[in-house]
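Results of the structural survey
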Amino acid sequence: MAKGNVIFDVDRCKGCGLCVVACPKKIIALDETKSNIKGYNPAYIIKMHACIACGNCAIMCPDSVIKVEKIGEDVDEKSIDERK
Amino acid sequence: MKGNEAICEAAIRAGCRFFFGYPITPQNEIPEYMSKELPKVGGVFLQAESEVAAINMVYGASGAGGRVMTSSSSPGMSLKQEGISYIAGAELPCVIVNMMRGGPGLGSIQPSQADYFQATRGGGNGDYRHIVYAPASIQEMVDLTVEAFDKADIYRIPVLILGDGMLGQMMEAVTFKEIKKQDLPAKDWITDGTKEKREPNIINSLYLEPELLYAHNLKLEKKYNAIVDKEVRFEAVDLEEADVVCVAYGTTSRIVKNAIETLKKENIKVGLIRPITLWPFPEKAFDQINTNVKGILTVEMSMGQMIDDVKIASNGRWKTSFYGKSGGLVPTPAGVIDSIKKILGEEI
Amino acid sequence: MMGSVVYAKTKALTDVEFHYCPGCTHGVIHKILGEVLVELDILGNAIGVIPVGCSALAYKYLNCDIHQAAHGRAPAVATGVKRVRPDNVVFTYQGDGDLASIGTAEIIHAAHRGEKITTIFVNNAIYGMTGGQMAPTTLVGQKSTTSPEGRNESVCGKPLKVSEMIATIDGARFVERVSVHSPAEIRKAKRAITKAFQYQLEGKGFSIVEILSTCPTNWGMKPVDALNWVKESLIPYFPLGNFRDDINGGVRK
């Protein structure tokens, strides 16, 4: 099973929420504790270790905010989350 | 050669390779000639679905670097005004021919000069100008059409050839002189694909920020001032000695010349300013008129449009009056003579 | 450990941030259009013609030569461009007001002549840029600022089905309607756009992809609800699918 790393260009996010519904693993949410430079709640990954690198979030994003990488099988969970 | 066809032949010899037009009387010979002759030189003729579409095809073709022309007559020219404003705003070169007919509205198919306002004030929105040439003979139509393409490229501006139905249908002997190749500015702004080696070229007239649009308008104004400085053309006859000066262009100027010849025999001295560029209008020509002239008579095939520019150029120095006919009727030499005598009569 | 990139922003888009509303799928469509141009290796060869509408500023976002056209006139402008530059790829990008209202003559005649251009038709059933007026594609009963009680069929007819109409014109060789309301549909839309440009590259004639799009702001919905509205309300009236695919033997089912 592929594992993914998802990177958000946080200040470009408009908090539209389309990536949230596009994600088949339901691991994206809008961070209501934060505001980006535009004043929106930016999207973020709740549990990176569950990401399957399908790329749906990035495909759905109208503002090209999201980059998705596929990473190797043997990376441990802790280092994935640190890379966020 | 017939006027309408002479324009086409001149255009082709000047390197025009793209024509987009639509049928309307009295200029149908133009698209018909182009449909036959352009393909022979590897050019493209396309009958558009409307004059609106045609002028937008010109906008596209010009932006992509083509030497392009369109033509129409008065009601069709009204349709083109939106496109002309965009072309002027985007600073694109092209040649547009209007063989004027009676108006307003559908009007008539007879000749007129009733599009002077539309041509010189611009029927489209915004502050813009285009060069307007007013030929008075088939030879002049040929020479001005050839020049029009180069002026369009030099200044990145639309150039309008304003004829009337009569000039289009008239047949006169014409010489096609050898065309001198001019040094034209490089067209590095056209859309021919970035090849991913340069920034995109944008053909555009939209500037949403006021400062940017103002700056753009100032840039256009600078260009227009340069044209006013360098491109005025007119014919001046006997201005220093005249008792009355006539102002007329195109077909009407030939009628006035006829009247002037007749009046010479009665020892009445009449001068003529014949604008060849309607924009820029030859205001400076009026400085050559002797200060004792009894009046300036504007003669037009309209209800009086150029007379506004004559009044501006006269600047209160002389009385201005008007003689004209519209609806397709043509002013007569006798009518011109009567008007001139009226001016002189009033003074006595 | 190094990974491979599954998805990154396409080089067909500039760095300028889109001014579009949050969740507006113009952004998605710009993206997939750009990706197709890159994948077909025609980005450097492409010349776009953009409309009057929310995407009037698309010249800031697309990394190719662009003409900004008058409202509705893009197909005529594109015709002029393509006749001068037949070896370049020429496309128009138009909204429903631009193409289906003021521009109906121009799109029909470009298709009729079989102009070798590709039209991306963004249909969101409303006038976005000017603040939400009724469009020719607004649904019966759909409220807008010029149909405050909802579109009234007896006064202004039913919505215009552009793809169906254009498919009857012989010069239009590829006509398909797609949507971008989910990643799966986005992928299908991108395949249709790719095919449409292939028609142009092979010199086969006019191609058009109608893309159902969202306008959360003027529909008065959250972006996610707008995606659902496409599925539940627009698609039943504007069915997705291919209406013309001449090279591949007619309509694809």
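Conventions adopted
Residues numbered from 1 in each chain as written. Chains lettered and ligands numbered in written order. Predicted model: local features only at pLDDT ≥ 70, side-chain atom pairs only at ≥ 80, totals over all residues. Helix = DSSP H or I, 4+ residues; strand = E, 2+ residues; numbered from the N terminus. Buried ≥ 20, exposed ≤ 12 C-beta atoms within 10 Å, placed from the backbone. Contact = placed C-beta atoms within 7 Å. Pairing = 2+ DSSP bridges. Axes fitted to C-alpha atoms, helices over the stretch in contact; angles between N-to-C directions. Arc of directions from axis to C-beta. Nonpolar A, V, L, I, M, F, W, Y, C, P; charged D, E, K, R; others polar. Domains from an automatic or database assignment. Parallel < 35°, antiparallel > 145°, perpendicular 65-115°, else oblique. Core = buried A, V, L, I, M, F, W, Y, C linked by C-beta atoms within 7 Å.

Quick notes on the overall build of chain A
Counting its regular elements, chain A contains three helices and four strands. Moving toward the C terminus, one meets the helices and strands of chain A in the order β-α-β-β-α-β-α. Out of the 84 residues in chain A, the part that is buried amounts to 42%. Considering only residue pairs separated by 6 or more positions, chain A has 68% of its internal contacts joining residues 24 or more positions apart.

Let's talk about the overall build of chain B
Looking only at helices and strands, chain B has 11 helices and 13 strands in total. Structurally, chain B occupies a C-alpha span of about 75 × 45 × 40 Å along its principal axes. Taken across its 348 residues, chain B has 54% of its residues classed as buried. Look at the contacts in chain B between residues 6 or more apart in sequence, and 79% of them connect residues 24 or more apart.

So, the sheet that holds strand E1 (residues 18–21) of chain B
All names here are of chain B. What the seven strands build is an open sheet, ordered E2-E1-E3-E4-E6-E5-E11; its pairing is mixed. Both outer strands of the open sheet, strand E2 (44–47) and strand E11 (277–279), are each paired with one neighbouring strand and no more. Strand-to-strand, the axes of this sheet are offset by a mean angle of 20°, without reference to chain direction. By the bridge criterion, three bridges tie strand E5 (residues 131–133) to strand E6 (residues 158–164) in an arrangement that is parallel. Following the sheet pairing, tyrosine 133 is matched in E6 by isoleucine 161. Each of strand E4 (94–100), E5 and E6 is contacted by helix H6 (residues 138–155), which is oriented at about 165° to E6, the strand it contacts most.

Examining helix H2 (residues 29–37) of chain B
All names here are of chain B. Buried residues of H2: Ile30, Pro31, Tyr33 and Met34, and no others. For H2, the buried positions fall inside an angular range of 160° around the axis, keeping them on one side. Of the surrounding secondary structure, the elements contacted by the buried residues of H2 are helix H1 (3–13), E1, E2, strand E3 (68–72) and E4.

Side note on the interface of chain A and chain C
Contacts between the two partners involve 26 residues from chain A and, on the opposite side, 25 residues from chain C. Put simply, the parts of the chain that give the side of chain A that touches chain C at least two residues each are strand E1 (3–8), helix H1 (18–22), helix H2 (56–60) and strand E4 (66–71) of chain A. The greatest single-element share of the side of chain A that touches chain C, amounting to five residues, is contributed by E4 of chain A. Among the residues making up the side of chain A that touches chain C, the classes are represented as 12 nonpolar, eight polar and six charged. Here E4 of chain A pairs with strand E1 (residues 4–7) of chain C via three bridges, running antiparallel. Residue pairing in the sheet places valine 68 of chain A in a bridge with tyrosine 7 of chain C of E1 of chain C.

Points about the environment of alanine 226 of chain B
Positionally, alanine 226 of chain B belongs in helix H8 (residues 210–230). Owing to 12 C-beta atoms within 10 Å, alanine 226 of chain B belongs among the exposed residues under this scheme.

Here we look at the domain arrangement of chain B
Residue and element names in this part refer to chain B. By domain assignment, chain B separates into domain 1 (3–230) and domain 2 (234–347). Computed from C-alpha coordinates alone, the two centres of domain 1 and domain 2 are separated by 29 Å. Each side of the interface is counted separately: domain 1 has 24 residues, and domain 2 has 21 residues. Put simply, the parts of the chain that give the side of domain 1 that touches domain 2 at least two residues each are helix H5 (116–122), E5, E6, helix H7 (165–169) and H8. Tallying contributions element by element places H5 first for the side of domain 1 that touches domain 2, with four residues.

Considering the interface of chain B and chain C
Each partner contributes residues to the interface: chain B has 34 residues there, and chain C has 29 residues. Only E1, E2, helix H3 (51–63), helix H4 (74–89) and strand E7 (202–203) of chain B provide two or more residues apiece to the side of chain B that touches chain C. At eight residues, H3 of chain B tops the list of elements feeding residues into the side of chain B that touches chain C. Tallied by class, the residues present in the side of chain B that touches chain C amount to 16 nonpolar, 13 polar and five charged.

Re the packing of helix H2 (residues 74–84) of chain C against helix H4 (residues 104–113) of chain C
Residue and element names in this part refer to chain C. It is at 7 Å that the axes of H2 and H4 come closest, and there the two elements cross at 40°. Taken together, the axis directions place H2 and H4 in an arrangement best described as oblique. Across from Pro75, Ala76, Ala78 and Thr79 in H2, the residues of H4 making contact are Glu106, Ile107 and Ala110. Its residues placed into classes, the contact of H2 with H4 shows five nonpolar, one polar and one charged.

Notes on the sheet that holds E1 of chain A
Sheet architecture is open: three strands sit in the order E1(A)-E4(A)-E1(C), paired in antiparallel fashion. Pairing within the sheet leaves two strands with one partner each, and these edge strands are E1 of chain A together with E1 of chain C. Averaged over all neighbouring strand pairs, the angle between strand axes comes to 35°, with direction disregarded.

With respect to the nonpolar core
Grouped burial of nonpolar side chains is what soluble globular proteins tend to show. One finds Cys57 of chain A together with Val95 of chain B to be the most contacted residues of the largest nonpolar core, which totals 211 residues. Looking at this core, the element that brings in the most residues is H6 of chain B, giving nine residues. Lining this core are residues from two domains, each supplying at least three of them: domain 1 (3–230) and domain 2 (234–347) of chain B. With residues up to four places along the chain from it excluded, the contact list for valine 95 of chain B reads Ala11, Met69, Thr145, Ala148, Phe149, Ala152, Val159 and Ile161 of chain B.

Concerning unusual backbone geometry
Here the residue pair threonine 25 of chain B and proline 26 of chain B is connected by a cis peptide bond, since its omega of 10° sits within 30 degrees of zero. Structurally, proline 26 of chain B can be placed in the loop between E1 and H2. The omega torsion across glycine 103 of chain B and proline 104 of chain B is 5°, close enough to zero to call that bond cis. Tracing the backbone through its elements, the reader meets proline 104 of chain B in the loop between E4 and H5. Within the chain, serine 64 of chain A stands out as a residue other than glycine whose phi angle is a positive 50°. The residue glutamate 91 of chain B is not glycine, and still its phi comes out positive at about 60°. Mapping glutamate 91 of chain B onto the fold places it in the loop between H4 and E4.

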